[in-house]
Amino acid sequence: MKMGSSNDKEAVKAQYASSKSLDTRINFHNMYSTNKMGFGPWLISNYEIKEGMKVLEIGCGTGDMWKGHGDLIVKCDKLVLSDFSEAMLDAARKNVGEFSNIEYKQIDVQNIPFEDSSFDIVIANMMLYHVPDIDKAISEVRRVLKDDGVFYSATYGEHNFNDVIAEWFGLVGKNYDPNHLFTLQHGGDVLGKEFADIEVRRYEDSLHVTNIDDLADYLQSLKALHGIGTMEREEILNMLLPHVEGGAINLQKEYGTFIAQGIK
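Let us look at the structure shown here. Each chain has its residues counted from 1, running along the sequence as written. In view of the model being predicted, local features appear only for residues whose pLDDT reaches at least 70, and side-chain atom pairs are presented and counted only at 80 or more, with totals across whole chains, interfaces and linings using the full set of residues. Excluded from the side-chain calculation are hydrogens and water; included are all heavy atoms of the structure.

### Describing the overall build of the protein
Each helix corresponds to a stretch of at least 4 residues labelled H or I by DSSP, and each strand to a stretch of at least 2 residues labelled E; elements are numbered beginning at the N terminus. When you go through the protein residue by residue, the secondary structure sums to 10 helices and nine strands. Categorising residues by exposure relies on relative accessible area from a 1.4 Å probe, with only protein chains included: less than 20% of the type maximum marks a residue as buried, more than 50% marks it as exposed, and the intermediate range marks it as partly exposed. Considering the protein as a whole, with its 264 residues, one finds that 53% of them fall into the buried category. A contact between two residues is defined here by any heavy atoms of the two lying within 4.5 Å. Long-range pairs, those at least 24 residues apart, make up 78% of the contacts in the protein with a sequence separation of at least 6. Where accessible areas are quoted, they stem from the Shrake-Rupley method and a 1.4 Å probe; at the residue level, only the protein chains shown are allowed to cover. Surface accessibility of the protein: about 12000 Å² in total, with carbon and sulfur atoms responsible for 47%.

As structure tokens, then:
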């Protein structure tokens with residue numbers, strides 16, 4: 001059994017063939033994260049979107065981050081919400097709605113179908129570690145950005161709760177293959193090949209899980225990429241029970257975003 005976020009194209013397609021699993025994970029974090037601001041609202045609070053800007057989001061998923069932010073949407077001259085999954089784009093349309101300045105488009109970040117210097121801002125959250133050719137992806141982002149444009153790219157760190165859970169389930173060595181292609185620790189090196197100025201901002205948070213059934217649901221939602229998700233539910237619950245203290249399981253989280261700009 002292996003556990004680790006894959007950048008294998010077919011595995012990622014299976015993981016995001018529908019929005020159900022992603023919705024499960026979003027709801028889980030919303031319920032049990034100790035920072036009640038929420039990661040999505042925190043991310044969007046970092047974006048400096050000015051009147052008349054053209055904005056592209058790669059890998060928008062269900063579009064959850066944009067819900068309730070019509071004030072920012074209407075500032076944009078154009079907002080392109082894109083994903084490689086048609087199912088995700090359908091979910092985003094339902095969540096965000098139709099605006100005259102929003103375009104929903106199926107896009108592979110390794111081959112962005114826009115001309116050079118098309119956008120003031122490009123956003124790619126929690127997805128670059130899935131891309132087979134990450135250097136090509138970053139090159140494409142830099143190409144479609146204006147010279148003074150900004151790239152926001154959120155990701156996780158290498159000291160996250162998945163590593164703790166892997167240890168609990170005995171997934172070590174060859175049975176645990178974490179994806180560290182683009183983390184808070186090393187993502188700056190990747191971005192530095194195309195961008196001159198890189199800043200990392202961290203989101204302080206943790207998990208306080210009071211219902212381990214919900215944690216089991218979360219783990220099972222990962223089954224397209226993580227061997228742990230294929231285990232029987234009772235087996236998962238039995239592995240989690242010894243880690244309940246004071247009626248809850250407490251887990252560390254390490255998330256943040258890079259802000260990259262400047263021509264290399």
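### Topic: the layout of surface pockets
In this analysis the probe radius is 1.4 Å and the grid spacing 1 Å, with only protein atoms considered; a cavity is a set of points the probe fits into but cannot get out of, a pocket is an open set with protein on both sides within 12 Å along at least five of seven lines, and lining residues have an atom within 4 Å of a point. Grid points are joined across faces, edges and corners, and a volume is the space filled by probe spheres set on the points. Of the volumes computed, that of the second largest pocket is approximately 230 Å³. Every residue lining the second largest pocket is counted, 16 residues in all, and those nearest its centre are Glu48, Asp148, Val150, Tyr152 and Gln261. Sorting the residues of the lining of the second largest pocket by element identifies strand 4 (119-124), strand 5 (145-156), strand 6 (195-203) and strand 9 (255-263) as the ones contributing at least two each. Residues are sorted three ways: Asp, Glu, Lys and Arg are charged, Ala, Val, Leu, Ile, Met, Phe, Trp, Tyr, Cys and Pro are nonpolar, and all the rest, Gly among them, are polar. Looking at the lining of the second largest pocket residue by residue, the classes come out as six nonpolar, three polar and seven charged.

### Some thoughts on the sheet that holds strand 9
One requirement defines pairing of two strands: DSSP has to find at least two bridges between them. Pairing is mixed in the open sheet, where seven strands are placed in the order 3-2-1-4-5-9-6. At either margin of the open sheet sits one strand with a lone partner, and together these are strand 3 (102-106) and strand 6. Each strand axis lies, on average, 15° off the axis of its neighbour in the sheet, ignoring direction. The sheet contact formed by strand 4 and strand 5 spans four bridges and is parallel. For Phe119, the partnering residue across the bridge sits in strand 5 and is Leu145. All axes here are fitted lines through C-alpha atoms, helices being fitted over the stretch that makes contact, and every angle between N-to-C directions spans 0 to 180 degrees. Strands strand 2 (78-83) and strand 3 of the sheet are contacted by helix 5 (residues 86-96), whose axis makes an angle of about 165° with strand 3.

### Observations regarding the pattern of salt bridges
What makes a salt bridge here is a side-chain nitrogen of Lys or Arg within 4 Å of a carboxyl oxygen of Asp or Glu, nothing more. Inspection of every chain in the model, using the stated rule, returns 12 salt bridges. Across the pair Asp213 and Arg233 runs a salt bridge whose closest N-O atoms are separated by 3.6 Å. Within this pair, whereas Asp213 is found in helix 9 (residues 212-220), its partner Arg233 is found in helix 10 (residues 233-240), the two being separated by 20 residues in sequence. Taking relative accessible area as the criterion, Asp213 reaches 34% and is therefore assigned partly exposed. Taken together, the shared-partner salt bridges in this structure form one network comprising Asp116, Glu140 and Arg143.

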